Amino acid sequence: MDEVLAKKLRILADAAKYDASCSSSGAPKRAAGKDGLGSTTGSGICHAYTPDGRCISLLKILLTNWCLFDCAYCINRRSSNVARAKFTVEEVVALTLNFYKRNYIEGLFLSSGIIKSPDHTMELLTRVAKSLRRDHGFAGYIHLKSIPEASPWLVEEAGLYADRLSINVELPTEASLERLAPEKDGAAIQGAMAQIGERIVQAKAERRRFAPAGHSTQVIVGADDTTDAALITKSEVLYGSVGLKRVYYSAFSPIPDGSRILPLKAPPLAREHRLYQADWLLRYYSFSAEEVASASEDGMLALDIDPKLAWALKNRERFPVDVNKADREMLLRVPGLGARAVDKIVKARRHMTLRLDDVARLTSSLKRARPFLVAADYRPVALTDRLDLRQRLVEPAQQLSLF
């Protein structure tokens, strides 16, 4: 690699690190033809571990960090004093192919600052994906960041070649956008997301290709005073209205020469973690955003306990639940019982009456579940009503788990 290209890569890979919405879960399994290269397995491949223990990754870069917009929270904003660089379409294609052949990557995540116009930028992004697919037979994973203001037909073309598209909502309220990113339009962003969602549904019905791994978004946490409850409510709206695959939460990171209207410190990383847990409750545990919010304090999730436990502690009258009789929805609300464990319990109790030791074999978090469940040989005498129950179940600071 020549020195100029290496310098561009350093700048534009570093500039892309703030975008978290690049998981590849949901991509269809695919292998290249005899004259092509690459494949997808359906597993997540952005700096992640697959179920068989392999660490695999994406080439995650910006096409350019030049940008017409001047969003206060963005390191690449128009007024930012950072080193700038721009790849050509051919350079991104060559980097992707060379890195793949060397087994450095298994796919591409490509975003960009806005240059000349949204349509011009979207056209360049699409040309990269189109060239990889059509000119080089690349069957690996491709994620393109869509430009909300771009023409719908350009986004339509991008979906023909990308596995996943994403548009960052960035800030959860119109007021925050007006204050920190006045050149962006929240209604336009959500409208573009809705269009992508409609195209995905239509393509599935017609059995044709369009962003088969779905679409996602990212919201910045801690750049404004939006509460966790408002963030989760926004996510619930997006999941229901535009059919998102995933909402990502990215803790605000103070930037050099940042605006005075921005916080001086980043929010605690535990806050981001709790938001992901709350989001998981929405998607896999049948919770509503209102229920999650009801367990918060002044709209903020507790940092010392996960939101599922917080909800259980505020709804103690609904516990303990009988593992041999309770319906699946209520079992999902027992702290310490994950969705897989609940499914195993429901399956096992068809053939036997479960004792506490049986439950212990089905979950690795029995300690947290004990105060909230009843088994054939066990009832939590006084545990559920203990005033110090919260303190007894607080996680050690270094061990943040999903549930």
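Note: the structure precedes this text.
It should be emphasised that the depicted structure is a prediction, and the values quoted were computed from it without experimental measurement.

Enquirer: Please set out the layout of surface pockets residue by residue, giving values where relevant.
Expert: Its volume calculated, the largest pocket comes out at about 780 Å³. What lines the largest pocket is a set of 39 residues, and nearest its centre among them are Asp-19, Tyr-73, Cys-74, Asn-168 and Glu-170. Residues belonging to the lining of the largest pocket are distributed by class as follows: 20 nonpolar, 11 polar and eight charged.

Enquirer: Could you give me a rundown of unusual backbone geometry, with the residues and numbers involved?
Expert: The amide bond that connects Phe-319 to the next residue, Pro-320, takes the cis arrangement and shows omega of 0 degrees. The backbone phi angle of Lys-116 is positive, close to 65 degrees, even though this residue is not glycine. Judged by relative accessible area, which is 69%, Lys-116 ranks as exposed. With a phi angle near 55 degrees, Arg-207 is a residue other than glycine that sits in the positive phi range. Inspection of the secondary structure puts Arg-207 in the loop between helix H6 (186–206) and strand E9 (215–221).

Enquirer: Can you explain the packing of aromatic side chains? Please cite residues and give values.
Expert: With the rule as written, the count across this model stands at seven aromatic pairs. Centroid distance Trp-280 to Tyr-284: 4.6 Å. Interplanar angle 50 degrees. Geometry classified as tilted. In this pair, Trp-280 and Tyr-284 are both assigned in helix H8 (residues 269–284), four residues apart and thus about one turn of the helix distant. With relative accessibility at 26%, the residue Trp-280 sits in the partly exposed group. Taken together, the ring pairs in this structure connect Phe-287, Trp-311, Phe-319 and Phe-372 into an aromatic cluster. Here the guanidinium or amino end of Arg-333 rests over the ring plane of Phe-287, the centre of that ring lying 4.2 Å away. Directly above the aromatic system of Trp-311 lies the positively charged group of Arg-333, at a separation of 5.1 Å from the ring centroid.

Enquirer: Break down the packing of helix H3 (residues 118–135) against helix H4 (residues 152–161) for me, with residues and values.
Expert: In contact at an axis separation of 9 Å, H3 and H4 are set at 25 degrees when each is read in the N-to-C sense. Here H3 lies roughly parallel to H4, going by the angle between them. When you trace H3 past H4, the crossing you get is left-handed. Facing Asp-119, Met-122, Glu-123, Thr-126, Ala-129, Lys-130, Arg-133 and Arg-134 of H3, the residues of H4 in contact are Leu-154, Val-155, Glu-157, Ala-158 and Tyr-161.

Enquirer: Account for a negative patch on the surface, naming residues and giving values.
Expert: On the surface, Glu-149, Glu-174, Glu-178 and Asp-185 cluster together into a negatively charged patch. Position of Glu-174 relative to the elements: it lies in helix H5 (residues 174–180). Overall, the relative accessible area of 35% leaves Glu-174 in the partly exposed class.

Enquirer: So what's going on with helix H1 (residues 3–15)? Which residues, and what values?
Expert: Along an α-helix, residues three or four positions apart point the same way, because every turn accommodates 3.6 residues. The terminal C-alpha atoms of H1 lie 18 Å apart, and with 13 residues this matches the ideal 18 Å at 1.5 Å per residue to within 8%. Turning to H1, its buried residues are Leu-5, Ala-6, Lys-8, Leu-9, Ile-11, Leu-12 and Ala-15. As for H1, its buried residues are in contact with strand E5 (59–62) and helix H2 (89–101). Two or three places before Val-4, at the start of H1, stands the capping residue Asp-2, its side-chain oxygen 3.0 Å from that residue's backbone nitrogen.

Enquirer: Account for the sheet that holds E5, naming residues and giving values.
Expert: Strand order in the open sheet formed by six strands is E5-E6-E7-E8-E9-E10, with parallel pairing between adjacent strands. The sheet is open, and its two edges are formed by E5 and strand E10 (246–251), each paired on a single side. Taken pair by pair, the neighbouring strands of this sheet meet at an average axis angle of 20 degrees, ignoring direction. Taken together, the three bridges between strand E7 (residues 141–145) and strand E8 (residues 164–166) define a ladder with parallel strand orientation. Opposite Lys-145, over in E8, you have Ser-166 as the bridge partner. Taken strand by strand, H6 contacts E8 and E9, and its axis lies near 155 degrees from that of E9.

Enquirer: Give me the pairing of E10: which residues, what numbers.
Expert: Burial runs high along E10: six of the six residues are buried. Sheet topology note: the E9/E10 ladder contains six bridges and is parallel. In the strand pairing of E10, Val-219 is matched with Tyr-249. Of the crossover connections in this fold, the one passing from E9 over helix H7 (residues 228–242) to the parallel E10 is right-handed.

Thresholds, definitions, all that
- Along each chain, residue indices are assigned from 1 in the same order as the chain's sequence is written.
- Given that this is a predicted model, residues contribute local features only at a pLDDT of at least 70 and side-chain atom pairs are listed and counted only at 80 or more, while totals for whole chains, interfaces and linings are drawn from all residues.
- Side-chain figures throughout are based on the complete set of non-hydrogen atoms in the structure, without hydrogens or water.
- The pocket and cavity definitions rest on a 1 Å grid over protein atoms only: a 1.4 Å probe that fits but cannot leave marks a cavity, an open set with protein on both sides within 12 Å along at least five of seven lines marks a pocket, and residues lining either have an atom within 4 Å of a point.
- Grid points are joined across faces, edges and corners, and a volume is the space filled by probe spheres set on the points.
- Any residue outside Ala, Val, Leu, Ile, Met, Phe, Trp, Tyr, Cys, Pro, Asp, Glu, Lys and Arg is labelled polar, Gly included; the first ten of those are nonpolar and the last four are charged.
- Relative accessible area decides the class of each residue, using a 1.4 Å probe on protein chains only: under 20% of the type maximum gives buried, over 50% gives exposed, and in between gives partly exposed.
- In this text, helices come from DSSP runs of H or I with a minimum length of four residues, and strands from runs of E with a minimum of two, each type numbered from the N-terminal end.
- The aromatic pairing rule takes the rings of Phe, Tyr and Trp, using the six-membered ring of Trp, and pairs them if the centres are within 6.5 Å, calling planes under 30 degrees apart stacked, those over 60 edge-to-face and the rest tilted.
- Either the NZ atom of lysine or the CZ atom of arginine qualifies as a charge over a ring when it sits within 6 Å of the ring centre and within 35 degrees of the ring normal.
- Simply put, an axis is a line fit to the C-alpha atoms, just over the touching stretch for a helix, and the angle between two N-to-C directions goes from 0 to 180 degrees.
- For this classification, under 35 degrees means roughly parallel, over 145 means roughly antiparallel, 65 to 115 means roughly perpendicular, and everything else is oblique.
- Helix crossings fall into two classes, left-handed where the near helix is turned counterclockwise from the far one by less than a right angle and right-handed where it is turned clockwise.
- Contacts: residue pairs with any heavy atoms within 4.5 Å of one another.
- Exposure above 30% relative accessible area and the absence of a salt bridge qualify a residue for a patch, where like charges join within 9 Å and nonpolar side chains (Val, Leu, Ile, Met, Phe, Trp, Tyr) within 5 Å.
- Per-residue and other accessible areas were derived by the Shrake-Rupley procedure at a 1.4 Å probe size, with only the shown protein chains allowed to occlude residues.
- Salt bridges are identified by distance alone: a Lys or Arg side-chain nitrogen within 4 Å of an Asp or Glu carboxyl oxygen.
- Just so you know, the count uses Lys and Arg for positive and Asp and Glu for negative, and it drops His and the chain ends.
- One atom stands in for each charge, and that atom is NZ of Lys, CZ of Arg, CG of Asp or CD of Glu.
- Given the number of residues in a helix, its expected span is that number minus one, multiplied by 1.5 Å.
- Here a polar contact is taken to be a pair of N or O atoms separated by no more than 3.5 Å, where protein atoms must pair a possible hydrogen donor with a possible acceptor and residues adjacent in sequence count only if both atoms sit in side chains.
- A pair of strands is labelled paired if DSSP reports no fewer than 2 bridges between them.
- When the strands point away from the viewer and the connection leading from the first strand across the helix to the second strand turns clockwise, the crossover is called right-handed.

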